[in-house]
Amino acid sequence: MEKPDAVSSGDRAKRVRGLNQDFGAGVFLILLAAIAYLAAADLRLTLPSGLGPGTMPKATAALIAVFGLFFVIQGLTTLGARLESWSLRGPIFLLGAVVVFGATVRTLGLAVAGPAAVLIASLADRGTRLREILPFAVLLAAGCILLFRYALRQPIPVAPFWLGY
Amino acid sequence: MFDLVDKLALGFRTCWDVVWVVEPLTGAHVPVPINLLLCFLGCLIGTLIGVLPGVGPIATIAMLLPITYSLPPVGALIMLAGIYYGAQYGGSTTAILVNIPGEATAVVTALDGHQMALQGRAGTALAIAAIGSFFAGTVATLVIAALGQPMQKLALLFGPADYFGLMVLGLMLAVVLARGSVPKAIAMIIVGVLLSTIGTDLETGEERLTFGWSEVSDGIDFAVVAMGIFGFAEVLRNLEHPEAREVVRGRISGLLPTREELRQSAAPVLRGTVIGTILGILPGNGAVLGPFASYSLEKRLAADPSRFGKGAIEGVAGPESANNAGAQSAFIPLLTLGIPPNAVMALMLGAMTIKNIIPGPDVITKNPDLFWGMIASMWIGNVMLLVINLPLIGVWIRLLKVPYRLLFPAIILFCCIGIYSINNNPMDVYLTAGFGLFGYALIKFGFEATPLLLGFVLGRLMEEKMRQALQMSRGNFMTFLTEPLSATLLGFAVILVIIASLPTMRRGRHAAFAD
Amino acid sequence: MFVSRSLAGFLAGIICLVSPALGQGYPTKPITVIVPFAAGGPTDVVARLIGDHMGRTLGQQIIVENVGGAGGTTGMTRVAQAAPDGYTLGVGNMGTQSAAPALYPNLKYDPATSFTQISLLNFTPQTIVSRKDIPATDLKGLLAYLKANESKITYGHAGVGSISHVAGTVFNAQVGLKPALVAYRGTGPALQDIVAGKIDYMVDQSLNVIPQIRAGTIKAYAVAAPERLKSLPDVPTAREAGLDFIFSAWNAMVGPKGLAPDVVAKLLDAVNKALDDQTIQARYVDLGSTAPTGENRGPAGLQKLVEAEVARITPVLKAAGAVAQ
């Protein structure tokens with residue numbers, strides 16, 4: 001069985017015209033292009049030696065905007081997949097775990113950042129059980145410490161800074 | 001001819017080199033085939049580390065490089081080479097099993113390879129990748145041994161303008177990677193190219209699109225983009241469709257490919273090998289184009305192209321062979337010229353330098369045991385990979401049976417550690433999280449990540465070569481048409497576009513009416 | 001008596017506990033040396049060579065941490081901002097310690113004031129090379145050829161801020177040449193193109209070009225050093241060839257500002273022992289490097305060098321309009 005592919009989801013009954021997936025895709029692209037173009041505004045398009053640093057960013061941004069427009073129009077005029085809803089739980093806990101890891105690894109070491117990341121990430125799934133994930137997190141972090149710090153001799157901090165490296 | 005056999009014999013003898021070690025218990029002198037042992041260790045460690053999601057071949061080699069400092073020179077290099085192939089294969093393993101490509105060359109493997117895994121055919125996918133890689137490695141080794149130097153001379157003919165033509169051709173091929181909407185795939189390629197411009201301009205030193213963050217002033221690491229857009233977003237997608245992820249992972253069919261599947265893979269492996277070997281010697285990472293070119297070729301040649309993207313075995317056999325052939329032939333510029341063609345070879349160069357071997361065009365004559373020893377070890381390494389990995393397939397399959405709710409936090413942790421260890425910089429980790437969100441948005445809007453990764457990898461090379469060609473010609477655009485190779489390749493690209501768009505337009509109208 | 005002895009013992013114990021903070025008994029744990037470039041590069045090689053030897057002298061492991069990015073300034077910024085306890089040091093090069101102020105207006109450190117200088121580690125002189133088909137046999141001939149073909153010549157470099165870029169800018173300014181500059185991503189691709197004959201000349205670190213020169217794939221005209229290199233005995237110095245051009249890439253060890261003097265003394269001692277070691281000297285020859293001697297060693301020598309290089313390079317880079325941000 002194939003995973004429900006985002007691109008081919010929805011049977012005919014679920015396809016809509018108007019504010020659908022294509023429309024959203026188009027708006028997304030236009031926003032992206034606008035941000036990129038603004039960021040590249042100061043870059044020169046040409047240099048005496050040929051193309052300047054601004055050519056590629058601005059050209060691609062312009063092309064992306066064109067595609068964005070295309071999708072907006074396509075969304076408004078043809079049937080397309082319905083716009084999917086965004087879950088909050090997944091991104092917040094999963095990406096939050098990653099951010100927490102980044103924030104704590106240098107100051108508190110892998111011994112803290114590792115289990116923290118695993119535990120927070122596990123909250124992204126409703127099926128998580130604490131008595132399963134807690135020992136798993138500790139074991140996993142211990143394994144990583146042994147592997148990365150001792151076996152591979154990576155300069156990754158292991159313990160909180162007040163305990164030493 | 002006999003000269004070649006002679007040299008290969010020297011190489012194998014070097015590999016079989018023994019070191020007499022005093023056995024601690026009995027005091028007897030025991031011969032230890034040190035180079036073979038190091039090759040095996042390298043392949044094993046490389047595979048195991050390369051399998052970790054978040055750790056690609058470059059990161060693996062960079063991590064393990066210091067371990068080789070205390071080893072004798074030839075042995076150290078053989079071990080490093082083993083780590084390299086092992087990491088490559090480990091990266092392919094991750095791409096197939098969890099859809100997280102650790103390196104640009106594994107992106108294509110993930111396409112059909114992961115689909116095969118979802119259908120319970122993970123063992124087959126992994127096995128065919130191993131077998132294809134072995135065959136490609138064997139052929140590539142022979143080619144290097146016999147033709148290494150003449151091939152290098154050919155490669156030197158490639159100037160920036162010609163390279164640019166090749167990249168444009170490569171981008172055209174990328175459209176073939178699209179599984180769904182072609183316009184969305186093209187848009188993704190362009191977004192990838194845009195992302196590749198982030199960083200410092202080589203020519204003027206100006207920062208582009210960096211918003212003042214010095215972390216991205218050298219450009220965004222491939223691993224960051226791949227982990228974020230592929231890895232994290234993939235996990236997020238799985239979390240939203242719990243029905244799909246467990247059921248499929250439970251069903252496992254036979255571990256080895258059937259005769260029919262082997263037959264189907266034979267020609268793609270051959271073609272992939274040729275493509276990979278040729279592209280691998282091109283300066284500046286031509287090898288990265290190999291798997292994409294192979295995939296496109298197989299899709300075009302296949303009787304039923306619609307199978308691609310849904311678990312076609314040719315989509316794994318061809319690219320994996322191209323991948324491995326390219327990885328081996330990437331050694332040619334390093335061993336024949338002393339100039340590393342990509343980041344991995346640059347690390348090898350560093351390792352050699354530390355070992356007091358300064359590689360240059362005369363390494364072949366000055367250090368023949370090194371040169372031929374390394375070539376022989378390439379083949380032995382391939383054998384070892386096969387020996388190590390085929391049994392490991394069973395282990396990985398069993399690992400997949402771990403409930404997803406435990407598996408995915410582990411994946412996240414490994415990704416975090418892997419990303420952090422690239423530059424020991426937490427900002428890279430934050431950036432990856434940002435790309436995770438970006439990737440999530442892409443999924444929600446119906447975009448695919450693979451064309452974006454390709455655009456990202458090729459875009460940077462393409463712009464670099466284009467600007468270099470223009471710098472050399474002092475701004476004269478005609479240089480792309482006056483350089484013969486460049487003109488030819490651009491011509492191919494144009495023809496490809498024409499061929500591709502004609503049937504699409506007709507199909508497009510049909511599809512619109514059919515719905 | 002018993003009481004005073006145990007009191008003395010107690011006091012001695014206290015002193016031992018606090019002595020790491022006093023620099024006595026330093027080092028008591030591994031020292032991290034930050035290399036602001038990727039593993040395997042010239043700076044990394046030198047850092048590991050010297051660090052390995054120093055570790056044996058000091059009795060503690062030296063851990064090299066590669067923190068790449070922004071031409072090496074990311075790593076050096078981290079060194080400048082680290083705690084001055086002697087357990088975080090850095091190895092920078094000419095780029096990060098002299099060219100950076102001119103190239104990066106938002107630089108977060110000042111090479112002359114933000115660090116405790118420890119010592120210069122090596123000099124690697126630049127070599128002037130060209131593709132092998134240029135019909136010139138010496139430096140004067142090369143310059144004549146380049147001047148005659150000025151509208152067509154190309155100079156390759158490894159990116160703005162790289163040694164070949166900075167050295168090239170200074171060289172071209174000195175001899176009055178205005179070639180088309182071709183920017184590459186690193187030395188490898190640039191070398192490849194000069195071997196292939198697609199660019200005309202480069203001024204690059206000896207380490208990179210020696211193998212090619214020896215094999216005859218490129219031509220060398222002069223070494224920008226006061227004396228000939230042992231590894232290139234047939235190549236004259238620039239001065240011998242008629243041009244007063246001295247340019248070396250160099251690597252130096254520094255620490256964050258405010259390191260205790262006895263920590264610096266211990267480190268300097270270990271560096272000196274490493275630089276005097278025969279094996280390392282032999283390795284240096286192979287790397288096309290020379291070890292600093294006499295007054296070039298030590299904090300004072302390094303400070304003088306940093307200030308002199310900044311003063312020399314900054315106006316040239318600014319005039320050429322080369323700015324990395």
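These numbers come from a predicted model, not from an experiment.

Quick look at the overall build of chain C
In terms of helices and strands, chain C carries 11 helices and nine strands. At 22 Å, chain C has a C-alpha radius of gyration in line with the 20 Å of a compact globule built from 325 residues. With respect to the principal axes defined by its C-alpha atoms, chain C has extents near 90 × 40 × 30 Å. Counting across all 325 residues of chain C, residues that qualify as buried make up 55%.

Section: the overall build of chain B
If you tally the helices and strands in chain B, you get 22 helices and four strands. Relative to a compact globule of 515 residues, whose C-alpha radius of gyration would be 24 Å, chain B shows 23 Å and is just as compact. A principal-axis box enclosing the C-alpha atoms of chain B has dimensions of 80 × 60 × 50 Å. Counting the 515 residues in chain B, one finds 66% classified as buried. Taking the contacts inside chain B whose residues are at least 6 apart along the sequence as the reference set, 78% of them involve residues at least 24 apart.

So, the confidence of the model for chain B
When pLDDT is averaged along chain B, the result is 82, and 91% of the positions lie at 70 or above. Note that pLDDT drops below 50 for residues 508-515 of chain B; the model gives that stretch one contact with residues more than four away or on any other chain.

Remarks on the packing of helix α8 (residues 182-196) of chain B against helix α20 (residues 450-472) of chain B
All names here are of chain B. Axis separation between α8 and α20 bottoms out at 7 Å; the angle between their running directions is 40°. Judged by the angle between their axes, α8 and α20 are oblique. By crossing handedness, the relation of α8 to α20 is classed as right-handed. Together, Ala185, Met188, Ile189, Ile190, Val191, Gly192, Val193, Leu195 and Ser196 of α8 and Pro451, Leu452, Leu453, Leu454, Gly455, Phe456, Gly459 and Arg460 of α20 make up the contact between the two elements. Classifying every residue of the contact of α8 with α20 gives 12 nonpolar, four polar and one charged.

Quick notes on the interface of chain A and chain B
Taken together, the contact between chain A and chain B spans 67 residues of the former and 65 residues of the latter. Where the side of chain A that touches chain B is concerned, the elements lending two or more residues are α1 (21-39), β2 (50-51), α2 (55-77), α3 (89-108), α4 (110-122) and α5 (130-151) of chain A. Tallied by class, residues from the side of chain A that touches chain B come to 45 nonpolar, 14 polar and eight charged.

A short note on the domain arrangement of chain C
All names here are of chain C. Here chain C is described as being made up of domain 1 (28-123 + 249-319) and domain 2 (125-223). On a C-alpha basis, the centroid separation for the pair domain 1 and domain 2 is 27 Å. Of the residues lining the interface, 13 residues belong to domain 1; the matching set on domain 2 comes to 14 residues. Listed by contribution, the elements that provide at least two residues to the side of domain 1 that touches domain 2 are α4 (94-103) and α11 (298-319). Ranked by residues supplied to the side of domain 1 that touches domain 2, first place goes to α4 with four residues. Of the residues assigned to the side of domain 1 that touches domain 2, the class counts are 10 nonpolar, three polar and no charged.

Section: unusual backbone geometry
All names here are of chain B. We note that Asn99 has phi near 65°; this positive angle belongs to a residue other than glycine. With respect to the helices and strands, the residue Asn99 is situated in the loop between α4 (73-98) and α5 (107-118). Residue class for Asn99 comes out buried when judged on the 25 C-beta atoms lying within 10 Å of it. The backbone of Arg474 shows a phi angle near 55°, a positive value even though the residue is not glycine. Locating Arg474 in the fold gives a position in the loop between α20 and α21 (479-482).

Thoughts on the pairing of strand β7 (residues 201-205) of chain C
Residues and elements named next belong to chain C. Within β7, five of the five residues are buried, which leaves the element mostly enclosed by the surrounding structure. In this sheet, β7 lies alongside strand β4 (residues 115-131) in antiparallel orientation, the contact comprising five bridges. Looking at the pairing, Ser130 lines up with Tyr201 of β7.

Focus: the environment of Leu166 of chain B
All names here are of chain B. Tracing the chain through its elements places Leu166 in helix α7 (residues 160-174). Residue Leu166 is classed as buried on the basis of its 26 C-beta neighbours within 10 Å. Residues in contact with Leu166, not counting those within four places in the same chain, are Leu289 and Leu489.

As for the nonpolar core
Formed by 331 residues in total, the largest nonpolar core has its most connected members in Ala117 of chain A together with Ile61, Ile412 and Cys416 of chain B. Per-element tally for this core: the top contributor is helix α6 (residues 122-155) of chain B, with 17 residues. With sequence-adjacent residues up to four places away left out, Ile412 of chain B is seen in contact with Leu94, Ala97, Val98, Ala117 and Ala121 of chain A together with Val235 of chain B.

A short note on the environment of Arg214 of chain C
With respect to the element layout, Arg214 of chain C can be found in helix α8 (residues 206-215). Sequence separation between Arg214 of chain C and Pro179 of chain C is 35 residues, and the spatial gap between their C-alpha atoms is 26 Å.

Thresholds, definitions, all that
Residues numbered from 1 in each chain as written. Chains lettered and ligands numbered in written order. Predicted model: local features only at pLDDT ≥ 70, side-chain atom pairs only at ≥ 80, totals over all residues. Helix = DSSP H or I, 4+ residues; strand = E, 2+ residues; numbered from the N terminus. Rg over C-alpha atoms; globule rule 2.2 N^0.38 Å. Buried ≥ 20, exposed ≤ 12 C-beta atoms within 10 Å, placed from the backbone. Contact = placed C-beta atoms within 7 Å. pLDDT = per-residue confidence, 0-100. Axes fitted to C-alpha atoms, helices over the stretch in contact; angles between N-to-C directions. Parallel < 35°, antiparallel > 145°, perpendicular 65-115°, else oblique. Left-handed = near helix turned anticlockwise from the far one by under 90°. Nonpolar A, V, L, I, M, F, W, Y, C, P; charged D, E, K, R; others polar. Domains from an automatic or database assignment. Pairing = 2+ DSSP bridges. Core = buried A, V, L, I, M, F, W, Y, C linked by C-beta atoms within 7 Å.

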